[in-house]
Number of protein chains: 2
Amino acid sequence: MDSFEFCRPTRYIFGQGEERSVGRIVSEYGYRHALVVYGTGSVVRSGLLGRVCAALDEAGVAHDELGGVQPNPRADKVYEGVALGKSRGVDFVLAVGGGSAIDTAKAIALGIPTDTDFFDFYLGLAQPQKALRTGVILTIPAAGSEGSNSSVIQKEVDGAVQKLGLSHDFNVPLFSILNPELTFTLPPYQTACGVVDMLAHVMERYFTNTRDVSITDRTCEAVMLSIIETAPRAIADPSDYGARANLMWAGMLAHNNLCGVGREQDWTTHHLEHQLSALYDVAHGAGLAVLFPCWMERVINHDVMRLAQFAVRVFNVPMDFADPGRTARQGIAALRAFYRSIGMPLSFRDIGARREDIERLLAMLGIDRHPEGHFVVLSREDCEAIYTRAATYGEE
Amino acid sequence: MDSFEFCRPTRYIFGQGEERSVGRIVSEYGYRHALVVYGTGSVVRSGLLGRVCAALDEAGVAHDELGGVQPNPRADKVYEGVALGKSRGVDFVLAVGGGSAIDTAKAIALGIPTDTDFFDFYLGLAQPQKALRTGVILTIPAAGSEGSNSSVIQKEVDGAVQKLGLSHDFNVPLFSILNPELTFTLPPYQTACGVVDMLAHVMERYFTNTRDVSITDRTCEAVMLSIIETAPRAIADPSDYGARANLMWAGMLAHNNLCGVGREQDWTTHHLEHQLSALYDVAHGAGLAVLFPCWMERVINHDVMRLAQFAVRVFNVPMDFADPGRTARQGIAALRAFYRSIGMPLSFRDIGARREDIERLLAMLGIDRHPEGHFVVLSREDCEAIYTRAATYGEE
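As the structure is a computational prediction, the values presented were derived from the model and not from experiment.

Draft legend 1. Structural view of the overall build of chain A. In terms of regular secondary structure, chain A is built from 16 helices and nine strands. Projecting the C-alpha coordinates of chain A onto the three principal axes gives extents of approximately 70 × 45 × 40 Å. In chain A, which comprises 396 residues, the share counted as buried stands at 55%.

As structure tokens, then:
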């Protein structure tokens, strides 16, 4: 096990109706003026935004609203929020929504107390010196941003779309309110996309070269097993409180790095997917469902036993002691079957991506400037092979 | 899943040699004068105390030392620390050791800023209003106190020994330094006692009546599986870094309540054991090894399927679908076999306890004043039967 530091001080308030506590909580911390950041219509239509604003009013917390955050959140909206926050003197940023609203809120919180362009922090051109604190009312469990120190924003720079992540202690929310009922209105497709994203957050930490990490292996497997056993229930019955509650907490655990401490991680599939999202505006989870099995097929021979362990422990594949590679391949097949069973795509065709764009995806990935990955360091040829496999899957 | 709040802001610094950072860390938080609390000889003999004091000196942090904390820590030592801390003007309490040193440090940190007798907080006669912050350098992974909000202290009141716990946010350490190398000198018996205690911390949360808690069930099982697979290595080779590292992190996860959120818990076996520790000064883990299987046998019919799940998922017992009770009983047998394999006692005789004392144990437990437990509410007759089973185990 490698050395590490771990500190995740977010306060979680979990349960039915807890969003009504938000005014009291914000005011207990001494904040007086919140910027409420949210996405498109559903937060308004469901009445949630109204309840949140009423709770803030009741506690005497002033507030401004910034709606219209898109999936794969854009820098433009962050600039808008930073300007609004500065002009209105907000001292707290409250996200109401999923990963896009939260990541936008985190970026706004970094941008308000500085004259530096917030995107310079994402580009690595500057280091944030301070930030406003953020709070979260979660409506889409998937990104894990409610408990993580990361934020991902995309911006068009010189005609090319850049989707960049920033990991920083400033990005850890002060509190996150998790009411599983708020996810009842999430449609099956979006629920499934979230499930794939959660699993990917664990898997990017699970496939490691670090030896002797039993406790984090077991933790990873626990989170994956729970997601796999409860996701079908939430998709079959969107109002299944128990299933929604399990997924909501599992989504946080999948990405607060409890699954990743003390071990090398490998975020290649996320990087490969970010290019699909940027080019086709496909849901992040859908892109991950297409790419993750293709990545696993490409790296299988690097550590057959680790992929076999995944197959046996997560998908209950019987171990083939004479041919562990067969077990590993059955694990990949089981993962694809699970994705398919929850309505997820498995190929470029399924998401409207095109084989002809692979060169462009590789350019966007920047593979000619740097290799990708840690579990296996991938060359341009490897990345091209993964995209090509995804482009041709199901056509053989 | 039940509603809950969860906030564990402790900063963990994990890895080889990290105790040398303690001066820098304490001074970064702005503290100027630490009270260093430790146990009996080994912290001094190993040179650890010297390294800690040197690190504090180097960072310009003044310090006083309070050694001699005993296992099953006593109120006397807390009073001594409170008086010393007040007279010397300490502003921080640093524990170097295991659960006893940490729990003593937490109690001292509660006692210093008040004129109230600290034990009144444990008796429920008063509520703490403030406390000094605490830090930990862990040498014995077991109690989980390095990441928990609880502290257990015992005191003789009116001739009777009372061992009482206090759970409070003030008890959460500011930071905990976890260097697995510091546990290399822990003898096999003490290592095994710690392992039993860790497992018990999970099991007291695992056996619950709360339905639909997949994610916490799986988390509990993960921690138990990792402890069971790494403990024999640490006992066979005390310098096995990977095994020691796994146990150290697992011990924290076993008791920071990640395994217990959203569900009813049942701390009966801990309560039953505290009386054994108080009467015979037996190691807490040894007492738990004797009692836990006896408690399980007593409650088996309340929820056979939960005990069967434990057997199947934690000890890989084949499920007997025609007779789940048989599977459950095999799980209890497997737990006893595991305890025995790491050198733990299984009966009163093994720990020098006496059947003749059962009435006295029941009186100390206070069973005539209140029933025990939640998973199953136990009567005096139940508790007597559990102690009697422990007294006669192996004699049939």
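Draft legend 2. A look at the sheet that holds strand E3 (residues 33–38) of chain B. Pairing is mixed in the open sheet, where seven strands are placed in the order E1(A)-E2(B)-E9(B)-E6(B)-E5(B)-E3(B)-E4(B). Either end of the sheet is taken by a strand with one partner, and the two such strands are strand E1 (4–6) of chain A together with strand E4 (62–66) of chain B. Shown here is a sheet whose adjacent strand axes are inclined to one another by a mean of 15°, direction ignored. In this sheet, strand E9 (residues 175–178) of chain B lies alongside strand E2 (residues 11–14) of chain B in parallel orientation, the contact comprising four bridges. When the bridges of E9(B) are listed, B:Phe14 appears paired with B:Leu178. Where helix H5 (residues 99–111) of chain B meets the sheet, it contacts E3, strand E5 (92–97) and strand E6 (134–138) of chain B, and its direction lies at approximately 170° from that of E5(B).

Draft legend 3. Layout of the environment of B:Pro188. Residue and element names in this part refer to chain B. Relative to the helices and strands, Pro188 resides in helix H7 (residues 188–206). Take Pro188: there are 13 C-beta atoms within 10 Å of it, and that puts it in the partly exposed class. Expressed as a C-alpha distance, the spacing of Pro188 and Ala234, which sit 46 residues apart in the sequence, is 7.9 Å. If sequence neighbours within four positions are ignored, Pro188 has contacts with Ile235 and Gly343.

Draft legend 4. Spatial organisation of the pairing of strand E5 (residues 92–97) of chain A. All names here are of chain A. In terms of burial, E5 is a largely internal element, six of the six residues being buried. Sheet topology places strand E3 (residues 33–38) next to E5; five bridges connect them, and they run parallel. The residue bridging Ala34 from the neighbouring strand is Phe92, located in E5.

Draft legend 5. The domain arrangement of chain A, seen in detail. Residues and elements named next belong to chain A. Entries for chain A in the domain assignment read domain 1 (11–182) and domain 2 (187–392). Averaged C-alpha coordinates put domain 1 and domain 2 at centres separated by 27 Å. Contact residues are listed per partner, giving 19 residues for domain 1 and 24 residues for domain 2.

Draft legend 6. View of the interface of chain B and chain A. Listed per partner, the contact involves 30 residues of chain B and 30 residues of chain A. Secondary structure elements with two or more residues in the side of chain B that touches chain A: strand E1 (4–6), E2, helix H8 (214–236) and helix H9 (241–253) of chain B. The dominant element in the side of chain B that touches chain A, judged by the number of residues it contributes, is H8(B), at ten residues. Residue classes in the side of chain B that touches chain A are distributed as 14 nonpolar, ten polar and six charged. Here E1(A) runs beside E2(B); their pairing, made up of three bridges, is antiparallel.

Draft legend 7. Expanded view of the sheet that holds E3(A). Reading across from one edge, E4(A)-E3(A)-E5(A)-E6(A)-E9(A)-E2(A)-E1(B) is the order of the seven strands in this open sheet, with mixed pairing throughout. Whereas interior strands pair on both sides, the edge strands pair on one side only; in this sheet they are strand E4 (62–66) of chain A together with E1 of chain B. Each neighbouring strand pair of the sheet contributes to a mean axis angle of 15°, computed without reference to strand direction.

Draft legend 8. Structural view of the relation of the copies chain B and chain A. Note on the copies: chain B fits chain A at an RMSD of 0.0 Å, the axial shift is 0.0 Å, and the rotation between them is 180°. Considering both components of the superposition, the chain copies are consistent with a two-fold axis. The position closest to the rotation axis in chain B is occupied by the C-alpha of B:Pro9, lying 1.9 Å away. Both copies present the same face, since 100% of the interface residues in chain B are matched by interface residues at the equivalent positions in chain A.

Draft legend 9. Local environment of the nonpolar core. With 268 residues, the main nonpolar core has A:Val37 and B:Val37 as its most contacted residues. Those residues in contact with B:Val37 that lie beyond four places of it in its chain are B:Leu66, B:Val69, B:Gly81, B:Val93, B:Leu94, B:Ala95, B:Ala101, B:Thr104, B:Ala105 and B:Ile108.

Draft legend 10. Structural view of the environment of B:Arg355. All names here are of chain B. Among the secondary structure elements, Arg355 is positioned in the loop between helix H14 (348–351) and helix H15 (358–365). Expressed as a C-alpha distance, the spacing of Arg355 and Arg389, which sit 34 residues apart in the sequence, is 9.6 Å. Setting aside chain neighbours within four positions, we find Arg355 in contact with Phe348 and Ala391.

Draft legend 11. Broad picture of the confidence of the model for chain A. The pLDDT averaged across chain A works out to 96; a share of 100% of its residues lies at or above 70. As scored by the predictor, the complex reaches a pTM of 0.96 and an ipTM of 0.95.

Draft legend 12. Main features of the environment of B:Gly331. Residues and elements named next belong to chain B. Tracing the chain through its elements places Gly331 in helix H13 (residues 324–341). It is 6.8 Å that separates the C-alpha atoms of Gly331 and Phe310, two residues lying 21 residues apart in sequence. The contact partners of Gly331, leaving out residues within four places of it in the chain, are Leu307, Ala308, Phe310, Ala311, Phe315 and Val317.

Draft legend 13. Examining helix H4 (residues 75–88) of chain A more closely. Residues and elements named next belong to chain A. Taking 1.5 Å as the rise per residue, H4 with 14 residues should run 20 Å; its terminal C-alpha atoms sit 20 Å apart, in good agreement. Ala75, Lys77, Val78, Gly81, Val82 and Gly85 are the residues of H4 that are buried. The buried residues of H4 occupy one face: seen down the axis, they fall within an arc of 150°. Looking at the buried positions of H4, the neighbouring elements they touch are E3, E4, helix H5 (99–111), helix H6 (118–123) and strand E7 (150–157). Note on H4: the residue one or two positions beyond its end, Gly89, has a positive phi of about 70°.

Draft legend 14. Helix H13 (residues 324–341) of chain A, seen in detail. All names here are of chain A. Between its terminal C-alpha atoms H13 stretches 25 Å, which fits the 26 Å expected from 18 residues at 1.5 Å a residue. Three or more residues of H13 are buried, namely Thr327, Ala328, Arg329, Gly331, Ile332, Leu335, Arg336, Phe338 and Tyr339. Contacts from the buried residues of H13 go to helix H7 (188–206), helix H8 (214–236), helix H11 (284–299) and helix H12 (304–315). Immediately beyond the C-terminal end of H13, within one or two residues, lies Gly343, with a positive phi of roughly 85°.

Draft legend 15. Local environment of the packing of H8(B) against H9(B). Residue and element names in this part refer to chain B. Between H8 and H9, the shortest axis-to-axis distance is 9 Å and the interhelical angle comes to 145°. Where H8 crosses over H9, the handedness of that crossing is left-handed. Across the interface between the two elements, Val223, Ser226, Ile227, Thr230, Ala231, Arg233 and Ala234 of H8 pack against Ala243, Arg244, Asn246, Leu247, Ala250 and Leu253 of H9.

About the cut-offs
Residues numbered from 1 in each chain as written. Chains lettered and ligands numbered in written order. Predicted model: local features only at pLDDT ≥ 70, side-chain atom pairs only at ≥ 80, totals over all residues. Helix = DSSP H or I, 4+ residues; strand = E, 2+ residues; numbered from the N terminus. Buried ≥ 20, exposed ≤ 12 C-beta atoms within 10 Å, placed from the backbone. Pairing = 2+ DSSP bridges. Axes fitted to C-alpha atoms, helices over the stretch in contact; angles between N-to-C directions. Contact = placed C-beta atoms within 7 Å. Domains from an automatic or database assignment. Nonpolar A, V, L, I, M, F, W, Y, C, P; charged D, E, K, R; others polar. Least-squares fit on C-alpha atoms with pLDDT ≥ 70 in both. Core = buried A, V, L, I, M, F, W, Y, C linked by C-beta atoms within 7 Å. pLDDT = per-residue confidence, 0-100. Expected span 1.5 Å × (residues − 1). Arc of directions from axis to C-beta. Left-handed = near helix turned anticlockwise from the far one by under 90°.

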